[in-house]
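# Residue-level structural notes
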Amino acid sequence: MRLGELKNILDVVLNDDNKITLDYEQIYGGQAFRINNYSAVIKALIELKKQEWNDTPSGQFDKLVETYGTSASSVILNNQEYNELMQYINSINSKMPVFYGIIDSMVKKQNEHMINVRLPDKSDISLQDLSDINNRLDKIFKEINIDGTYEFKGFDVGSSWYEILILGAGHRKARIIH
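### Details of the overall build of the protein
- When helices and strands are counted, the protein shows six helices and six strands.
- Taken from the N to the C terminus, the helices and strands of the protein come in the order α-β-β-α-α-β-α-α-β-α-β-β.
- Across the 178 residues in the protein, those meeting the buried criterion constitute 33%.
- At a minimum sequence separation of 6, the contacts of the protein that also span at least 24 residues come to 67%.

Below, the structure written as structure tokens:
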């Protein structure tokens, strides 16, 4: 995953101290908790689980995801489930400010005219492969009638994506109907 994407996922659930926060309310007289930002938190935790620095045991978290899935915007958790989720989050939060600080310093704000192109996953990509990709992009740009030019700007930090800046506005060819 690109660092910019990871940063965007984390930005949704982090507070000012760069720690994951739950938007929750107690319900049923304190017997349960409604998590209002469930899918955003789960998405962030799934990505953080993949990080090598994260050595937090995820057994209870995995059970929670298995039970409630990942797409519900809000869920109701009983006290035990809520406490297990909070324990997992608190363990990760002990390292989040440092991790987020590193990501924040590496990810620059992207120009709105930038196009990101993912290179193939294969490890032995050749110059001919890159040339073929660029030729296909050139053909696509001509089909959507990009005004002006475009230029290679570099590689996205820590990923197999490269960036192309569009110099000029893009527009579709007009179709006249009589």
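The structure having been displayed, the exposition proceeds.
### Examining the packing of aromatic side chains
- A complete count under the given rule lists six aromatic pairs for this structure.
- Ring plane angle 55° and centroid distance 5.3 Å describe the contact between Tyr24 and Tyr82, whose orientation is recorded as tilted. Note that Tyr24 is positioned in strand 1 (residues 24-27) and Tyr82 in helix 4 (residues 79-93), a separation of 58 residues in sequence.
- Classification of Tyr24 by relative accessible area gives partly exposed; the value is 40%.
- By relative accessible area, which is 9% here, Tyr82 ends up buried.
- Note on Trp53 and Phe99: the rings are 4.9 Å apart at their centroids and 45° apart in plane angle, and the pair reads as tilted.

### Quick look at the pattern of salt bridges
- Per the stated rule, a full pass over the model turns up six salt bridges.
- With a shortest N-O distance of 3.7 Å, Asp104 and Lys7 are connected by a salt bridge. Residue Asp104 is found in helix 5 (residues 96-106), and its partner Lys7 is found in helix 1 (residues 3-11); the two are separated by 97 residues along the sequence.
- The class for Lys7 is buried, based on a relative accessible area of 16%.
- Across the pair Lys50 and Glu47 runs a salt bridge whose closest N-O atoms are separated by 3.1 Å.
- Taking relative accessible area as the criterion, Lys50 reaches 56% and is therefore assigned exposed.
- Within this structure, Lys7, Asp11 and Asp104 form a network of salt bridges that share partners.

### Brief notes about the side chain of Lys7
- In this structure the side chain of Lys7 is engaged in a polar contact, spanning 3.3 Å, whose partner is the side chain of Tyr100.
- Apart from residues lying up to four places away in sequence, Lys7 is in contact with Tyr100, Ile103, Asp104 and Val107.

### Observations concerning a nonpolar patch on the surface
- There is a patch of nonpolar side chains on the surface, built from Val98, Ile102 and Met106 and spanning about 280 Å² of accessible area.
- Looking at the secondary structure, you find Val98 in helix 5.

### A look at the pairing of strand 1
- Note that strand 1 and strand 2 (residues 32-35) share four bridges and pair antiparallel. Looking across to strand 2, one finds that Gln26 is bridged to Phe33.
- Here strand 1 folds back onto strand 2 in antiparallel fashion, the turn holding four residues, of which Tyr28 has a positive phi close to 55°.

### Here we look at the environment of Lys153
- As for its position among the elements, Lys153 is in strand 5 (residues 149-155).
- Judged by relative accessible area, Lys153 falls into the partly exposed class, the value being 42%.

### Some details on the nonpolar core
- Among the nonpolar cores identified, the biggest contains 29 residues, and Leu10, Ile20, Ile35, Leu45, Leu85 and Met96 are the most heavily contacted of them.
- Listing elements by their share of this core, those giving two or more residues are helix 1, strand 2, helix 2 (38-49), helix 3 (59-68), strand 3 (75-78), helix 4 and helix 5.
- Sort the elements by how many residues they give to this core and helix 2 lands first, with six residues.
- Leave out the neighbours within four places in its chain, and Leu10 touches Ala44, Leu48, Met96, Phe99, Tyr100 and Ile103.

Criteria and cut-off values
Residues numbered from 1 in each chain as written. Predicted model: local features only at pLDDT ≥ 70, side-chain atom pairs only at ≥ 80, totals over all residues. Heavy atoms only, no water. Helix = DSSP H or I, 4+ residues; strand = E, 2+ residues; numbered from the N terminus. Buried < 20%, exposed > 50% of the residue type's maximum accessible area, 1.4 Å probe, protein only. Contact = heavy atoms within 4.5 Å. Phe/Tyr/Trp six-rings, centres within 6.5 Å; stacked < 30°, edge-to-face > 60°. Salt bridge = Lys/Arg side-chain N within 4 Å of Asp/Glu carboxyl O. Polar contact = N/O pair within 3.5 Å; in protein donor to acceptor, adjacent residues only side chain to side chain. Patch = residues over 30% accessible without salt bridge, like charges linked within 9 Å, V, L, I, M, F, W, Y side chains within 5 Å. Areas by Shrake-Rupley, 256 points an atom, 1.4 Å probe, with all protein chains shown as cover. Pairing = 2+ DSSP bridges. Core = buried A, V, L, I, M, F, W, Y, C linked by side-chain atoms within 4.5 Å.

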